[in-house]
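This is what each chain is made of:
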Amino acid sequence: MEVRLPDIGDYKNVPVVEFLVKPGDVVAVEDPLMTVESDKATMEIPAPFAGTVREFAVAIGTRVSQGALLLMIDATAPTMAPSAATPETKKTETAPAAPPVRAEPPAAARVVPEAPMASTLPALTTETAAGAHATPSVRAFARELGVELGTVKPSGAKGRILRDDITAHIKERLAGGSPLQVPGSGIGAGLPAWPAVDFEKFGPIERQPLSRIQKISGGNLTRNWLTIPHVTNFDKADVTGLEEFRKELNAANKDAKVTMVAFAIKASALALKAYSRFNASLDGEELVLKNYVHIGFAADTPKGLMVPVIRDCDRKGVLEIATEMRALADKARGGGLSAADMQGGCFSVSSLGGIGGAGFTPIINAPEVAILGAGRSAMEAIWDGKAFQPKLIMPVSLSWDHRVVDGVAAARFLGHIAALLGDFRRAIV
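What this report covers is the structure whose coordinates are included nearby.

Parameters and conventions
All residue numbers refer to positions counted from 1 along the written sequence of the respective chain. In keeping with the predicted nature of the model, local features appear solely for residues at pLDDT of at least 70, side-chain atom pairs appear and are counted solely at 80 or more, and the whole-chain, interface and lining totals rest on all residues. Each side-chain value is derived from all of the structure's non-hydrogen atoms; neither hydrogens nor water enter the calculation. Each patch groups residues whose relative accessible area exceeds 30% and which form no salt bridge, using 9 Å between like charges and 5 Å between nonpolar side chains of Val, Leu, Ile, Met, Phe, Trp and Tyr. Using a 1.4 Å probe, the Shrake-Rupley method yields the accessible areas, and only the shown protein chains count as cover for residues. We define a salt bridge as a contact between a side-chain nitrogen of Lys or Arg and a carboxyl oxygen of Asp or Glu at a distance within 4 Å. The positive count covers Lys and Arg only, the negative count covers Asp and Glu only, and His and the chain ends enter neither. Every charge is mapped onto a representative atom, which is NZ of Lys, CZ of Arg, CG of Asp or CD of Glu. For helices the rule is a DSSP run of H or I covering at least 4 residues; for strands it is a run of E covering at least 2, with both sets numbered from the N terminus onward. Burial status follows relative accessibility: with a 1.4 Å probe on protein chains alone, a residue under 20% of its type maximum counts as buried, one over 50% as exposed, and anything between as partly exposed. For a helix, the expected span equals 1.5 Å multiplied by the residue count minus one. Starting at the helix axis, one direction is taken to each C-beta atom, and the arc is that of these directions. Whether two residues touch is decided by their heavy atoms; if any such pair falls within 4.5 Å, the residues are in contact. A fitted line through C-alpha atoms represents every axis, and for helices the fit uses only the stretch in contact; the resulting angles, taken between N-to-C directions, go from 0 to 180 degrees. In these notes the angle categories are as follows: under 35 degrees is roughly parallel, over 145 is roughly antiparallel, 65 to 115 is roughly perpendicular, and the rest is oblique. A crossing counts as left-handed when the near helix is turned anticlockwise from the far one by less than a right angle, and as right-handed when that turn is clockwise. Here, a strand pair is defined by DSSP locating no fewer than two bridges between the strands. The criterion is simple. A nonpolar core is a set of buried Ala, Val, Leu, Ile, Met, Phe, Trp, Tyr and Cys residues joined through side-chain atoms within 4.5 Å. When the centres of two rings from Phe, Tyr and Trp lie within 6.5 Å, Trp using its six-membered ring, the rings pair. Their planes under 30 degrees apart give stacked, over 60 give edge-to-face, and anything left gives tilted. Grid points spaced at 1 Å and placed over the protein atoms alone form the basis of the search, with a cavity being a set where a 1.4 Å probe fits but cannot get out and a pocket an open set showing protein on both sides within 12 Å along at least five of seven lines. Lining residues have an atom within 4 Å of a point. Grid points are joined across faces, edges and corners, and a volume is the space filled by probe spheres set on the points. Gly is placed with the polar residues, together with every amino acid not listed as nonpolar (Ala, Val, Leu, Ile, Met, Phe, Trp, Tyr, Cys and Pro) or charged (Asp, Glu, Lys and Arg).

1. Side note on a positive patch on the surface
Reasoning step 1: Taken together, the side chains of Arg163, Lys171, Arg207 and Lys215 make up a positively charged region of the molecular surface.
Reasoning step 2: For Lys171, the location among the structural elements is in helix α3 (residues 163-175).
Reasoning step 3: A relative accessible area of 47% means that Lys171 is categorised as partly exposed.

Structure representation (structure tokens):
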């Protein structure tokens, strides 16, 4: 039976980056078969039915889209030993007669916690003019160090360039006195090469590989920071009353766990309705204004940060938003987010309230034009005109794209959010 690429969202021509099984392996339903890497995440393709892996129809580096044939599984004999027939014989032999097996619809691709944002890394094994082959992470490493892959001697299988090859190439160039320059076009053009240091000369070290989410998101964050003219506004919200209300909600709804982030998402949704220019994206020389309000929130996972998206936040209450937040965060930590769970965001909210800090400057999640940051609330003495009163104050920040909005609009937008958090009764009027 055929296994084809299931729906992985709006992605096309994604490269196959890893095989997780081999011909002859027996698999159960939902066992991971291979990994593909989209623009925003690395995804495992699960088995839609049980059986024995017969042969692959793709190779590492092959680009596939929804419906593409990936491999064949002998679903009629899940315990069958691997056939000794040659690949040519396998393609032409006729399977023994057996009752027809009805395949279940392909399971949705599972997203391994990887990247919340669009990647600019080249496709796996894309061939350069010099015939170089390398994975996206190795290509990113080479770009960071200003190394042209075509000049690196490969040591991997089938002429693949490895990370160690680039390190060895740099050491050889430095030993010979040859300068290393960043290519003269694209993001970061003309910048000096990343310093190549032999750290072992100064003392003992150990190396830890980056997770895939860190490799992919690193390139995305660099691109966003370099190409978007960021400006960050800071403000404070008096959440004394809101914190009391939050505790009352949680006491009255044992199944709910309302956090301050849920209120921040709802306040942001209402601010996006009031200031529609923040609910937009640049598309060339046009501004796309959205008539929906989907908000992403930063979820911490063991492998890195992910940004699930809650849809139609302007039409949902805080309890519903909190419930969806909890479910999506659990999926993110368990590696069960689908590509659709991270698509379509209009605005993002990032909170360090549970950790600490008086403020920070979050990086905009392109193609959005702004992102809200929330720090840890703390008691402060606030003058009310007659005396100082203890108030719970939450620092908030807004990073925004100066190509789309200006400082006056940003101050009003952030002030609107702070006012809603200070008196949430405004949310119903």
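2. Structural notes on helix α5 (residues 240-252)
Reasoning step 1: When the terminal C-alpha atoms of α5 are compared, their 19 Å separation across 13 residues agrees well with the 18 Å that a helix rising 1.5 Å per residue should span.
Reasoning step 2: Within the sequence span of α5, burial applies to Leu242, Glu243, Arg246, Leu249 and Asn250. Looking straight down α5, one finds its buried side chains confined to an arc of 120°; they lie on one side. Opposite the buried face of α5, by more than 90 degrees, sit the exposed residues Glu244, Lys247, Glu248 and Ala252.
Reasoning step 3: In this fold, the buried residues of α5 make contact with α6 (260-274), β20 (388-401) and α8 (407-422).

3. Side note on the packing of α6 against α8
Reasoning step 1: Where α6 contacts α8, the axes come no closer than 9 Å and their chain directions differ by 135°. In terms of orientation, α6 lies oblique with respect to α8. Considering the relative orientation of α6 and α8, their crossing is right-handed. In this structure, α6 contributes Phe263, Ala264, Ala267, Ser268, Leu270, Ala271, Leu272 and Ala274 to the contact, and α8 contributes Phe413, His416, Ile417, Leu420 and Leu421.

4. A few points about the sheet that holds strand β1 (residues 2-4)
Reasoning step 1: Pairing within the open sheet is antiparallel, and its four strands lie in the order β1-β8-β6-β3. Both edges of this open sheet fall to β1 and β3 (26-27), since each of them pairs with a single strand only.
Reasoning step 2: As paired strands, strand β6 (residues 51-56) and strand β8 (residues 69-74) are joined by four bridges and run antiparallel to one another. Among the inter-strand pairings, Phe56 is bridged to a residue of β8, identified as Leu71.

5. Here we look at the pattern of salt bridges
Reasoning step 1: Here the structure, examined in full by the defined rule, presents 12 salt bridges.
Reasoning step 2: Between Glu2 and Arg4 there is a salt bridge whose closest N-O contact spans 2.8 Å.
Reasoning step 3: Where Arg246 meets Glu243, a salt bridge forms, and the shortest distance between an N and an O atom there is 2.9 Å. Of this pair, Arg246 and Glu243 are both found in helix α5, three residues apart, which corresponds to roughly one turn of the helix.
Reasoning step 4: Among the residues examined, Arg246 registers a relative accessible area of 19% and is labelled buried.

6. Looking at the nonpolar core
Reasoning step 1: Grouped together as the largest cluster of nonpolar side chains are 57 residues, with contacts concentrated most on Phe263, Ile265, Phe278, Ile295, Phe347, Leu398 and Leu421.
Reasoning step 2: Looking at this core element by element, the count peaks at 11 residues for α6.
Reasoning step 3: When neighbours within four sequence positions are excluded, Ile265 is seen to be in contact with Ile295, Phe297, Ile310, Cys313, Ile321, Met325 and Val349.

7. What about the packing of aromatic side chains?
Here the distance between the centres and the angle between the planes together describe a pair of aromatic rings.
Reasoning step 1: According to the stated counting rule, one finds seven aromatic pairs in the structure shown.
Reasoning step 2: Aromatic side chains Phe245 and Phe263 sit 6.0 Å apart centroid to centroid with 50° between the ring planes, which places their arrangement in the tilted category. Linking Phe245 in helix α5 with Phe263 in helix α6, this pair joins segments that are 18 residues apart in sequence.
Reasoning step 3: Judged by relative accessible area, Phe245 falls into the partly exposed class, the value being 37%.
Reasoning step 4: Considering the side-chain rings of Tyr275 and Phe413, the 6.1 Å spacing of their centres and the 80° angle between planes classify their relative orientation as edge-to-face. Of this pair, Tyr275 sits in the loop between α6 and β11 (280-283) while Phe413 sits in helix α8, and the two are 138 residues apart along the sequence.
Reasoning step 5: Here Phe413 falls in the buried class, since its relative accessible area comes to 0%.

8. Quick notes on the layout of surface pockets
Reasoning step 1: Approximately 870 Å³ is the volume found for the second largest pocket.
Reasoning step 2: Around the second largest pocket, the lining is made up of 30 residues, and of these Thr259, Val261, Met325, Ser351 and Gly354 lie nearest the centre.
Reasoning step 3: For the lining of the second largest pocket, the secondary-structure elements that each account for two or more residues are α5, α6, β14 (299-301), α7 (318-334) and β17 (347-351).
Reasoning step 4: Per-element tally for the lining of the second largest pocket: the top contributor is α7, with six residues.
Reasoning step 5: Partitioned by chemical class, the residues of the lining of the second largest pocket number 15 nonpolar, seven polar and eight charged.

9. Quick word on the pairing of β11
Reasoning step 1: Strand direction decides the pairing type here: β11 and strand β12 (residues 286-289), joined by four bridges, are antiparallel. Bridge pairing links Ser281 to Val288 in β12.
Reasoning step 2: Counting the residues in the hairpin turn of β11 and β12 gives two residues, including Gly284, whose phi is positive at 70°.

10. Concerning the environment of Val369
Reasoning step 1: Its location among the elements puts Val369 in the loop between β17 and β18 (370-374).
Reasoning step 2: A relative accessible area of 1% means that Val369 is categorised as buried.
Reasoning step 3: Measuring from C-alpha to C-alpha, the distance between Val369 and Phe347 comes to 7.4 Å, with 22 residues separating the pair along the chain.
Reasoning step 4: If near-sequence neighbours (up to four positions away) are discounted, Val369 is found in contact with Arg277, Phe278, Ala280, Ser281, Ile364, Ser399, Trp400, Asp401 and Val404.

11. Notes on unusual backbone geometry
Reasoning step 1: Following Ala366, the chain continues into Pro367 via a peptide bond in cis, with omega recorded as 10°.
Reasoning step 2: When you line up the elements, Pro367 lands in the loop between β17 and β18.
Reasoning step 3: Phi at Asn13 takes a positive value of approximately 55°, unusual for a residue other than glycine.
Reasoning step 4: With respect to the helices and strands, the residue Asn13 is situated in the loop between β1 and β2 (14-19).
Reasoning step 5: Overall, the relative accessible area of 44% leaves Asn13 in the partly exposed class.
Reasoning step 6: Residues other than glycine seldom take positive phi values, yet Glu30 does so here, at roughly 80°.
Reasoning step 7: Summarising the element assignment, Glu30 is placed in the loop between β3 and β4 (32-37).
Reasoning step 8: The partly exposed category is assigned to Glu30, whose relative accessible area is 35%.

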